[in-house]
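Residue-level structure breakdown
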Amino acid sequence: MRFMGRRLLFLPLVLFGVTALLFFAVDFLSPEMRAALYVKNPRQMASVEDVIEKYGLRKPLPVQYGIWLREALRGNLGYSETARMPVADAIREFFPATLELALAAFVPTVVLGVLFGVLSAVFKDRWLDQATRFVAITGYSLPSFVLGLLLLMLFYGKWHLFAPGRYSLDVDLAVHAAGFKHPTGLLCLDAILDGRWDVFWDVARHLVLPAATLTYINLALLLRVTRSAMLEELGKDYVRTARAKGLPESLVVGRHALRNALIPVITLSSLLIVSLLGGVVITETIFDYPGIGRWTVMAAQELDIPGVIGTTLLASVLFVIANLCADLLYAVVDPRLRA
Amino acid sequence: MRATEVRGSSRKTLDRPQRPLSRLFSIAFRCLLLPSVALCRPHAAGASDAGAYTELSISGIDSLDPAWAYDGASEEIILNIYETLFAFDKSSVVKLAPRLAAKVPSRRNGLISKDGRTYVIPLRRGVTFQDGSPMTPEDVRYSIMRFMLLDRAGGASAVLLQPLLGYDSTRDEDGKLKPSAWRDAARAVQAGRDRIILHLPKPFAPLRSILASWAPVTPRRWAAKNGDWDGSEKTLAKFNNVEKRGTWLFDHANGTGPFRLERWDRQAMEVVLERNDRYWRKAARLSRVVVRGVNEFETRKLMLEAGDADSIYATWQAFNQVKALAGVRVIEDVPMIEINPMVLFTYHVQAAGNPFIGSGRLDGDGVPPDLFVDTDVRKGFAYAFDYAGFIRDVSRGHGTPANGCIPKGLLGYEPRAPLYPFDLGRARRHLRRALGGALWDRGFRFTMLYLAGNDERGIVCRMLARNLASINPRFRIDVRPAEWPAFLDASVSGRLPAYPDAWQADYPDPHNFAYPLMHSKGYYPKSQGFRDAEADKIIEQAMSESEPARRKKLYARLIAIEHADVPHLLIEYPSNYRTQRTWVRGWVSNPVFPESPYGAYYYPMWKAAS
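Residues numbered from 1 in each chain as written. Chains lettered and ligands numbered in written order. Predicted model: local features only at pLDDT ≥ 70, side-chain atom pairs only at ≥ 80, totals over all residues. Heavy atoms only, no water.

Mapped onto the secondary structure, Asp139(B) falls in helix H4 (residues 137-150). Put simply, Asp139(B) is tucked away with no salt bridge, and the nearest opposite charge, on Arg220(B), sits 5.4 Å away. (Helix = DSSP H or I, 4+ residues; strand = E, 2+ residues; numbered from the N terminus. Buried < 20%, exposed > 50% of the residue type's maximum accessible area, 1.4 Å probe, protein only. Lys, Arg positive; Asp, Glu negative; His and termini not counted. Salt bridge = Lys/Arg side-chain N within 4 Å of Asp/Glu carboxyl O.)

So, in structure tokens, the structure goes:
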């Protein structure tokens, strides 16, 4: 508990450091560059000075940061021009969509990655190992936009199975009807809680392709890490001893070797979930999925400073929490670390 | 029988002793496979609903407030919900038809005074807003005043402030609201029993065109009741230059138009409109319109192909791809009211800390800040561009060579006006003469920036750079793309010696091109440092002149001045194309309508049985 407390106490410092660093970086941009967020076309170019004045873009950096910090402490993270809503609202809107997609991709990635990583190590150099190696190589080699587009062309363009977006027009009215509650923002879960199975299946079908793309791309690394960690453990003395004692192979592999091989897998998984939750830009763009990644890239491209700070803050919080969870999991799988 | 067999085989599988790893594998496989099978139902295309229309654009809207919005995506939605006093008649950009007005005022019908300073606009009776409340002259007055007086930084208010109040901004140089602004507006816009009367400080010929494009009518009482501006002088300071989300109309709408707002989903970049069954004309045939931003072209294309979209945004680069799609109709050569691209010359470049002019001297490794003051330099550049080649190869033969600041389709466009031909011999002669021959001997080097992602403008810069280098290898132009913030910064601070840009109409009148491109107080001449007293005088005369023939003559003279002065290279009046499913009917092409040809006025449209 003390360890967790220390880590959580550290969080405000991290957030302060991140925001100060961002403001410092932004100060390198001229007020005219920052005005580009509000001036989008040549018809508005005559008003650039007016815009700079209105948004206080010529104020000294410490003043601008002070204003932002004061408002942030009151819970106001500013207004994101790219999300067209306050930053806090944008996080509330976009994050559940990304969380839903991240979970849909993370769970199969970890399950399949660990499973096939273990099998690949156990059946080293057999056909299963070769097959997983092939999966790993193609997963590494295929850029997500190529795989995403291929899947979309086949499963949507050719076979009309899985459409892009978060849900189809057919359930659009149901999702936005007054009676449909959104307690979690995770549409699949909300649909179950509302008893709307038509919505559930529709949302789940829209998750298939982006989740499959992310799973395939991320599976490779997890699979390879699990395999090499398992191979290392399987070659150690304690495994030989366990086998010599006559323990069944499943116990040797599943209880002894796998447990020790999980440490790097946990590290990698924590990084994976952070990267998934921080937004998967290309996948969300290709599948027209309204998550945090699409917002992040728009905010960065258009120099939407409140948006960039909001998404960075979110990523920082996620990173700290994921690290904390990873540390706790280390202690679960390795009793020596509990001390 | 079959069920028994299945059960039998299951039992057989379960009876067989399994190794733990195999069991794990089997469970995982089933966990993934079974839901997958359940999910694999064919997707029902949205096009099956003949009343629902889906348009895929590339961005979401910025605001629903008619006094705030200044982007095509927002304006398209606003003009399907709200209505203006007049509208352009079908495809015309000149002929007006009454919309919320009962008549279009003219000198002939006596509704415009002889001195051109008073407009009487009788209003249509029996029009109601979408909440059922009747439209009154007071609502019209409020809407015009609100459009002018909210006057947000970077907004469109100036298009009405200038003709009705005689100034461009409601704020003084310190950014404070002018004390007389409300009174000036109240004097200029008056409501009668069934009419609205406008008093202009001086005649302004394009006013009717402006009123056909801007200041649609919003209900005053509804807005005020919900915390928006109440129309009074007392509360104006709170709403002048207001924050985007500081008005009720930012995300709420209540117009008189054929569609009402069902939802603006900012997360999905989607606006859903529903038919307004209380519409004062016959109700629209489409019951629902969804306008959604989808960034990725391939996704838009697949959705169009699958029938989930009825029309999509597509660029010329994608032309061959969409043309080849089955069930898709491509409507080519849709006219546009714009000049795109063009190259602006800056006469007096800001030299301090400017990386775009090299050494800043005429030493072959830079350019002096006033390089383009010399007419021979500008003419040399004008002759060095292959206009016909650009239209043939880059615009695929669509578009018209631009021969003046008044684009094709508008009064004052002169098809016989002279063009600068692509003539490297003449370019050489002018550049040899430039700066007393020093330019030819020493050469120059500067940077041309273009907006990243706009490949056509990049090609313009490279064509110019290559042709000039072919005349004299000492002429070097470095071409670089820049993201919008960097491009904006460099261009508004006057640091770019020459750069490509484009100009689109705020309203379809020659004044909206002549002023920003040729008047010394217009945006471009002001930042370029270009000034021609005769051009200024002509533009002001033409602005006040209501007789079309006389206006046309004035603009002909202006174009002659432009040709002689060459403050810019105008390259093309572009045309565009529209991509829609073959079942879409009733689309009317009008380049004035926001986002045309991708966007649409949905009232006359419907979908035939697929």
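Don't stop here, the text continues.
Residues and elements named next belong to chain B. Membership of the largest hydrophobic core comes to 95 residues, with the highest contact counts inside it found for Phe381 and Leu468. At seven residues, helix H16 (residues 455-471) tops the list of elements feeding residues into this core. Excluding anything up to four places from it in sequence, leucine 468 contacts Phe381, Ala384, Leu431, Phe444, Phe475 and Ile477. With 91 residues, the next largest nonpolar core counts Phe86, Leu198, Trp222 and Phe239 among its residues. (Core = buried A, V, L, I, M, F, W, Y, C linked by side-chain atoms within 4.5 Å. Contact = heavy atoms within 4.5 Å.)

Let us look at a negative patch on the surface. Negative charge collects at one region of the surface, where Glu53(A), Asp172(B), Glu173(B) and Asp174(B) lie side by side. With respect to the element layout, Glu173(B) can be found in the loop between helix H5 (158-165) and helix H6 (181-188). (Patch = residues over 30% accessible without salt bridge, like charges linked within 9 Å, V, L, I, M, F, W, Y side chains within 5 Å. Areas by Shrake-Rupley, 256 points an atom, 1.4 Å probe, with all protein chains shown as cover. Charge placed at Lys NZ, Arg CZ, Asp CG, Glu CD.)

Residues and elements named next belong to chain A. Here chain A is partitioned into domain 1 (2-76) and domain 2 (88-338). One C-alpha centre belongs to domain 1, the other to domain 2, and the line joining them spans 32 Å. Listed as interface residues are 18 residues of domain 1 and, on the opposing side, 16 residues of domain 2. Taking both partners together, domain 1 and domain 2 bury about 1600 Å²; carbon and sulfur atoms supply 84% of that area. Interface area lost by domain 1 to domain 2 is led by Arg7, Leu22 and Leu37, which between them contribute 29%. For the interface between domain 1 and domain 2, the tally reads one salt bridge. Glutamate 302 is the partner of lysine 40 in a salt bridge, and the nearest nitrogen-oxygen pair spans 3.6 Å. Our enumeration of links across domain 1 and domain 2 arrives at zero residue pairs in polar contact (both at pLDDT 80 or more). Ranked by residue count, the leading element in the side of domain 1 that touches domain 2 is helix H1 (residues 2-26), at 12 residues. Residues that form the side of domain 1 that touches domain 2 fall into these classes: 14 nonpolar, two polar and two charged. (Domains from an automatic or database assignment. Buried area = accessible area lost by both parts, 1.4 Å probe. Polar contact = N/O pair within 3.5 Å; in protein donor to acceptor, adjacent residues only side chain to side chain. Nonpolar A, V, L, I, M, F, W, Y, C, P; charged D, E, K, R; others polar.)

Residue and element names in this part refer to chain B. With respect to burial, strand S4 (residues 118-122) is a largely interior element, four of its five residues being buried. Alignment of S4 against strand S6 (residues 195-199), held across five bridges, turns out to be antiparallel. Paired with threonine 118 across the strands is histidine 199, a residue of S6. (Pairing = 2+ DSSP bridges.)

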